[in-house]
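The lines below spell out each chain.
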Amino acid sequence: MFDSLSERLNSVFKKLKGHGRLDEQNIQAGMREVRLALLEADVNYKVVKDFTQRVKERALGQEVLKSLTPGQQVVKIVKEELEELLGGEQQGLDLKAKPPVVIMMVGLQGSGKTTSAGKLALHLKGLKYSPYLVPADVYRPAAIDQLHKLAGDLNMPAYPSTSSDNPVDICMRALEEARQKAYTAVIFDTAGRLHIDETLMQELVSIKEKCSPHEILFVADAMTGQDAVTVAQRFNDLLDITGVVLTKMEGDARGGAALSIKSITNKPIKFVGTGEKLTDLEVFHPDRVASRILG
Ligand code: GDP
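On a predicted model such as this, the values are computed, not experimentally measured, just so you know. (Residues numbered from 1 in each chain as written. Predicted model: local features only at pLDDT ≥ 70, side-chain atom pairs only at ≥ 80, totals over all residues. Heavy atoms only, no water.)

Description of the overall build of the chain
Of regular secondary structure, the chain possesses twelve helices and seven strands. With the C-alpha coordinates of the chain rotated into their principal frame, the extents come out at 70 × 35 × 30 Å. Counting only residues that meet the buried cut, the chain has 53% of its 295 residues in that class. A sequence separation of at least 24 residues applies to 77% of the contacts in the chain between residues at least 6 apart. For the chain, the accessible surface area stands at approximately 13,500 Å², while carbon and sulfur atoms represent 48% of it. (Helix = DSSP H or I, 4+ residues; strand = E, 2+ residues; numbered from the N terminus. Buried < 20%, exposed > 50% of the residue type's maximum accessible area, 1.4 Å probe, protein only. Contact = heavy atoms within 4.5 Å. Areas by Shrake-Rupley, 256 points an atom, 1.4 Å probe, with all protein chains shown as cover.)

Comments concerning the pattern of salt bridges
A complete count under the given rule lists 20 salt bridges for this structure. The salt bridge partner of Glu80 is Arg58, with a shortest N-O separation of 2.6 Å. Of this pair, Glu80 sits in helix α5 (residues 70-85) while Arg58 sits in helix α3 (residues 45-59); the two residues are 22 residues apart in sequence, bridging distant segments of the chain. On the basis of relative accessible area, Glu80 is assigned to the partly exposed category, the value being 30%. (Salt bridge = Lys/Arg side-chain N within 4 Å of Asp/Glu carboxyl O.)

So, the site of the ligand
Neighbouring the ligand are 18 residues, the closest being Gly110, Thr114, Thr115, Glu250 and Glu276. At 2.5 Å, a side-chain N or O of Thr115 approaches an oxygen atom of the ligand. The separation between a nitrogen atom of the ligand and a polar side-chain atom of Glu250 is 2.4 Å. Its free accessible area being 580 Å², the ligand has 81% of it covered by the protein chains. (Near = heavy atom within 4 Å. Polar contact = N/O pair within 3.5 Å; in protein donor to acceptor, adjacent residues only side chain to side chain.)

Structural notes on the side chain of Lys270
Position of Lys270 relative to the elements: it lies in strand β6 (residues 269-273). There is a polar contact of 2.9 Å between the side chain of Lys270 and the side chain of Glu215. Beyond its immediate sequence surroundings of up to four residues, Lys270 is in contact with Gln91, Gly92, Leu93, Asp94, Glu215, Leu217, Thr242, Gly243, Val244, Glu282, Val283 and Phe284.

Overview of a nonpolar patch on the surface
A cluster of nonpolar side chains, namely Leu36, Leu39 and Tyr45, defines an oily patch on the protein surface of about 320 Å² accessible area. Using a relative accessible area of 43% as the deciding quantity, one classes Leu36 as partly exposed. (Patch = residues over 30% accessible without salt bridge, like charges linked within 9 Å, V, L, I, M, F, W, Y side chains within 5 Å.)

A few points about the UniProt feature "domain: SRP54-type proteins GTP-binding" (unreviewed entry) in the chain
The feature "domain: SRP54-type proteins GTP-binding" (unreviewed entry), as annotated in UniProt, sits at residues 268-281 in this numbering. In this annotation, residues 268-281 is assigned 0% helix and 43% strand; the end-to-end C-alpha distance for the span is 16 Å. (UniProt positions renumbered as here; feature names shortened; annotations may be inferred.)

Remarks on the packing of aromatic side chains
Applying the stated criterion to the full structure yields three aromatic pairs. Their ring planes at 45° and their centres at 5.1 Å tell us that Phe218 and Phe235 sit as a pair that is tilted. You can see Phe218 sitting in strand β4 (residues 215-221) and its partner Phe235 sitting in helix α10 (residues 226-239), a full 17 residues away along the chain. Across the pair, exposure class does not vary: Phe218 and Phe235 are buried alike. Seen from the ring of Tyr139, Arg193 lies directly overhead, with NZ or CZ sitting 4.8 Å from the centre. (Phe/Tyr/Trp six-rings, centres within 6.5 Å; stacked < 30°, edge-to-face > 60°. Lys NZ or Arg CZ within 6 Å of the ring centre and 35° of its normal.)

Describing the packing of α10 against helix α11 (residues 256-265)
Interaxial distance between α10 and α11 falls to 9 Å at its minimum, and their mutual angle equals 25°. Relative to α11, the element α10 is oriented roughly parallel. As for how α10 packs across α11, the hand of that crossing is right-handed. Listed contacts from α11 to Gln226, Ala228, Val229, Ala232, Gln233 and Asn236 of α10 are Gly256, Ala257, Ser260, Ile261, Ile264 and Thr265. When grouped by side-chain class, the residues that make up the contact of α10 with α11 number six nonpolar, six polar and no charged. (Axes fitted to C-alpha atoms, helices over the stretch in contact; angles between N-to-C directions. Parallel < 35°, antiparallel > 145°, perpendicular 65-115°, else oblique. Left-handed = near helix turned anticlockwise from the far one by under 90°. Nonpolar A, V, L, I, M, F, W, Y, C, P; charged D, E, K, R; others polar.)

Digging into the nonpolar core
Within soluble globular proteins, side chains that are nonpolar tend to cluster in buried spots. Residues Phe235, Leu246 and Ile293 are the most contacted members of the largest nonpolar core, which totals 77 residues. Apart from residues lying up to four places away in sequence, Leu246 is in contact with Ala220, Ala222, Ala257, Ala258, Ile269, Phe271, Val272 and Gly273. (Core = buried A, V, L, I, M, F, W, Y, C linked by side-chain atoms within 4.5 Å.)

As for the environment of Val78
On the secondary structure map, Val78 appears in helix α5. Residues Val78 and Phe13, spaced 65 residues apart in sequence, show a C-alpha to C-alpha distance of 9.8 Å. Dropping the residues within four chain positions of it, Val78 is found in contact with Phe13, Phe51, Val55 and Leu294.

Comments concerning the pairing of β6
Of all five residues in β6, five are buried; the element is thus mostly enclosed. For strand β5 (residues 243-247) and β6, the ladder comprises three bridges, and the chain directions are parallel. Pairing of Val245 across the sheet is with Phe271, part of β6. What joins β5 to β6 is α11, and the crossover it makes is right-handed. (Pairing = 2+ DSSP bridges. Right-handed = clockwise from strand over helix to strand, strands pointing away.)

Things to note about the side chain of Asp137
Assignment of secondary structure puts Asp137 in the loop between β2 (131-136) and α7 (141-154). Reaching out from Asp137, the side chain makes a polar contact with the backbone nitrogen of Arg140 at a distance of 3.4 Å. Discounting chain neighbours no more than four positions away, the residues touching Asp137 are Ala143, Ile144, Asp189, Thr190, Ala191 and Gly192.

See below:
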């Protein structure tokens, strides 16, 4: 994760620190390299432009230029701004609501929605919730079987959806059942398509209207880079998502989606998927990730 970005930034910092005192020219040159490093990491160009502008403004401030350790000051500024780019304060699930907490997973097919639904159920079980898994992708019967299998592996209940049911009805009935059986968390695994499709989006809007989920998590494959960001923006415009789950992070050497998605959608990354196993889910901590990048 972020390997080449990390390497590039550290080499810029080494140069900056080597100068002793810094002047405007050193800083401008350093910022040009930071800009290139971010663009190579596939970060959205507008995000890069704003980022380098902010860092430059702060780095050219008097406290840096007058400092005895200006290189270190610049590194500190970059770290703080990088943390902001990744989302600032860590934001977990909104679990304040009276149970059942309703979580709706949305995203394109293959992004890792069903797997992430299972991972999240396990995470919630760890927080003493009793999750109810709800397969609401009736267009791909294998998706229903996949979630039932995951539920079996997790020893958790799943709603008995069939491919002839209507997805909105499934979610409403499952929610009713969850209330009756006192399940404390409900996770809807909604349908995805290979591309954004208006009928599907309307179906998601209907599920949102009828079931008022507390969380709408957009699941995206980190390896698709800026495409993930563009799709996130569309889902957010329509559904006002509450957060992002970035999957397949362990295979994403560049990190462009992780570094752009918060700035573009203004919604936090709440979790990252780091493998195919159900335990491969991590709460996303912007500060820790920023430290790792600048390691
Ligand atoms: P869906 O179509 O969005 O429901 O996607 P799935 O949950 O079926 O996932 C598609 C593929 O991605 C499956 O082979 C999953 O095992 C795999 N997958 C999901 N999340 C991750 C992850 O974080 N890392 C890796 N390596 N694979 C993942």
